Amino acid sequence: MSYQLCSTLTPFPSKLITTTRTNQNGFKVSCNAAPQNADNHNENNLVDRRNLLLGLGGICTATSLTSLPSAFADPITTPDISTNCKDAGSGVKNIEEAFRGLKCCPPNIGKTIKPFTFPTEETIRMRWPAHTGSQENIKKYKKAINIMRHELPDEHPHSFNSQARIHCAYCNGGYTQVATHHPEIELSIHNSWLFFPFHRWYLYFYERILGKLINDPTFALPYWNWDDPEGMQIPAIFGTEGIPNPYLRESNGSLLGNNPLYDKYRNPHHQQPPLVDLSYSGKDGDRTIDLQKKCNFFTVYRDLIRNGTDAKSFFGGRYVSGSEPVANGDKSVGSVEAGSHTAVHIWVGDPNQPNGEDMANFYSAGYDPLFYAHHSNVDRMWVLWKELGIRGHKEPKDNDWLNASYVFYDENEELVRVYNKDCVDPAKLKFGYERSKSEMPWRKSRPNIRIENNPKPAKVSSRDVKTVDRIKFPAKLEMEVPILSVKVKRPAVNRTPADKEKSNEILFINGIRFNSNKFVKFDVFVNDNLKDDKLSTPCDVEFAGTFAQVPHGDKRRMFMYSGARFGLDELLEDTKTEDEEYAIVNLVSRAGCDDLTVSGIEIKLVPIED
Ligand code: C2O
């Protein structure tokens with residue numbers, strides 16, 4: 001392969017990776033160890049770029065300057081999807097058994113890409129909680145999905161299968177960065193700052209297409225209100241086989257087939273009545289209903305408040321043209337994506353299917369109508385995150401985020417290019433969210449107590465924990481004792497409220513190398529004092545959060561890199577450990593971690609930006 005990255009030489013790839021080009025373009029880079037700084041807050045890339053160009057940085061040195069302009073990073077740009085798409089296959093472990101199919105490319109109906117124009121209608125489409133939908137809304141929704149599913153030919157860009165394949169193509173290797181001269185690098189929108197905006201656009205068109213199918217300009221999607229205590233089950237409208245499809249009739253008039261919202265490839269044990277577990281690790285626990293509700297509140301609180309402290313923590317790490325999905329120093333997964341979002345995917349998918357079809361694999365997730373209701377709620381989390389009005393809750397300002405773009409078929413079968421910058425304000429896109437009865441019920445659920453201990457006695461005790469500098473990185477989460485326990489120096493102790501106004505104390509787990517063909521998950525605990533020799537759980541105060549990935553990947557390489565960030569200020573207050581010089585960090589493997597390694601663990605103060 002004629003392709004080399006800085007990152008292959010260093011466990012802490014520099015963000016400069018984004019400015020490098022391939023050998024074939026006549027631009028070669030050689031790399032020294034990059035700074036161990038996975039969260040370079042120098043958003044002013046000009047500095048980096050100048051260093052690169054002048055060779056001053058001491059990091060990467062250009063050996064040929066023939067392609068100077070190419071040394072500038074470009075935003076991720078989706079190519080023309082109707083001509084530049086290949087079969088998917090990334091992250092599908094049992095390719096032969098991928099019964100949803102890997103031919104995910106959209107139909108080519110001879111359209112050229114047009115610029116996007118904002119909708120001009122007066123009405124706002126108000127998305128509604130799926131568990132309290134009005135009869136009228138439910139009827140419209142079933143009718144529209146029924147047409148999409150049963151009346152459009154498969155090759156129509158609006159067909160149910162075409163819509164499902166969009167996710168497969170964008171998430172399992174259908175496209176490459178050919179539009180920005182990196183035809184060899186796959187485009188992958190998860191595990192990065194494209195997660196929220198890509199899915200917002202995807203739902204925007206999906207909703208308008210459904211509305212068009214029933215000629216209703218007010219049509220709005222339901223959202224699976226899993227953050228509300230009453231909405232934590234799979235909403236009844238997506239119900240079981242028993243509910244007949246009111247729109248399919250035999251000639252004698254009797255009803256035929258299933259509820260159009262039903263999908264048989266779901267975990268059979270998770271149809272109503274169980275409540276979703278937003279910290280799901282692949283195994284059902286025995287929590288009471290009340291405890292499960294409480295733990296779910298804690299998860300949402302962490303995803304939006306404690307771990308979503310700033311743009312990068314919430315949206316995910318920087319991802320630009322030239323970034324490999326497999327290695328990029330700035331790559332990290334956002335708090336909601338890694339937390340509640342992934343848990344719901346895995347909880348709904350059928351573990352008895354070869355690839356967790358449908359919801360537990362990105363290639364097949366779009367085949368479950370529930371996927372779109374789940375993602376409406378994920379999108380709603382972005383809206384609520386802003387509404388919380390907390391300082392630092394702002395979208396990325398970086399041009400490489402604002403100008404990243406995707407291509408979709410719109411409701412008129414036109415091919416349009418859309419940009420992140422145009423999806424920031426839902427009102428401009430004419431959609432919004434109905435208030436659920438108890439808006440943000442989790443808001444007061446700061447997880448400040450220990451309510452559930454893991455009954456298994458801990459095999460590590462705080463006494464024999466090594467400091468982080470004595471650990472050999474990359475480090476494994478040993479399977480025998482499935483814990484990596486380290487003592488990490490804090491940048492400051494006893495931070496005052498004024499200090500906390502200026503910066504957040506954040507724990508970074510860097511360079512997480514994981515097998516992208518598997519469901520991967522580890523939990524992170526801080527200052528777990530192992531009371532009664534018991535590990536704490538995701539329902540306890542010591543739980544910092546989780547790193548988790550729905551299977552997806554890169555055909556050429558099974559392994560991908562990511563990172564994760566966890567806000568510590570409240571956790572340290574609540575565990576009464578603010579005066580400790582070190583924090584004890586436990587990484588506890590939950591699934592798919594036997595070949596996972598991390599290349600660094602650190603705690604830093606990250607200034608809060610206005
Ligand atoms: Cu694109 Cu929930 O996944």
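Residues numbered from 1 in each chain as written. Predicted model: local features only at pLDDT ≥ 70, side-chain atom pairs only at ≥ 80, totals over all residues. Heavy atoms only, no water.

Further remarks concern the packing of helix α7 (residues 335-348) against helix α8 (residues 369-387). Orientation of α7 relative to α8, taken along the N-to-C sense of each, is 160°, at an axis distance of 11 Å. The orientation of α7 with respect to α8, classified from their angle, is roughly antiparallel. Crossing handedness for the pair α7 and α8: right-handed. Contacts from V336, S340, H341, V344, H345 and V348 in α7 reach L370, F371, H374, H375 and V378 in α8. Class assignment of the residues belonging to the contact of α7 with α8 gives a composition of six nonpolar, five polar and no charged. (Axes fitted to C-alpha atoms, helices over the stretch in contact; angles between N-to-C directions. Helix = DSSP H or I, 4+ residues; strand = E, 2+ residues; numbered from the N terminus. Parallel < 35°, antiparallel > 145°, perpendicular 65-115°, else oblique. Left-handed = near helix turned anticlockwise from the far one by under 90°. Contact = heavy atoms within 4.5 Å. Nonpolar A, V, L, I, M, F, W, Y, C, P; charged D, E, K, R; others polar.)

Here the chain shows a mean pLDDT of 84. Residues at 70 or above account for 82%. In this model, residues 1-71 is a region of pLDDT below 50 whose contacts with residues beyond four sequence positions or in other chains number 130 contacts. (pLDDT = per-residue confidence, 0-100.)

This part is about the sheet that holds strand β10 (residues 405-409). The three strands are arranged β3-β11-β10 in an open sheet whose pairing can be described as mixed. The sheet is open, and its two edges are formed by β3 (114-115) and β10, each paired on a single side. In this structure, β3 lies alongside strand β11 (residues 415-419), joined through two bridges in parallel fashion. Bridged to K114 within β11 is V416. Contacting β10 and β11, helix α4 (residues 195-213) crosses the sheet at an angle of about 15° to β10. (Pairing = 2+ DSSP bridges.)

Core analysis: the largest hydrophobic core is formed by 108 residues, its most contacted members being Y141, Y170, W201, W224 and L304. Ranked by residue count, the leading element in this core is α4, at 11 residues. Taken domain by domain, this core gets at least three of its residues from each of domain 2 (95-433) and domain 3 (460-607). F522, V524, A544 and C593 belong to the second-largest nonpolar core, a separate cluster that totals 33 residues. (Core = buried A, V, L, I, M, F, W, Y, C linked by side-chain atoms within 4.5 Å. Buried < 20%, exposed > 50% of the residue type's maximum accessible area, 1.4 Å probe, protein only. Domains from an automatic or database assignment.)

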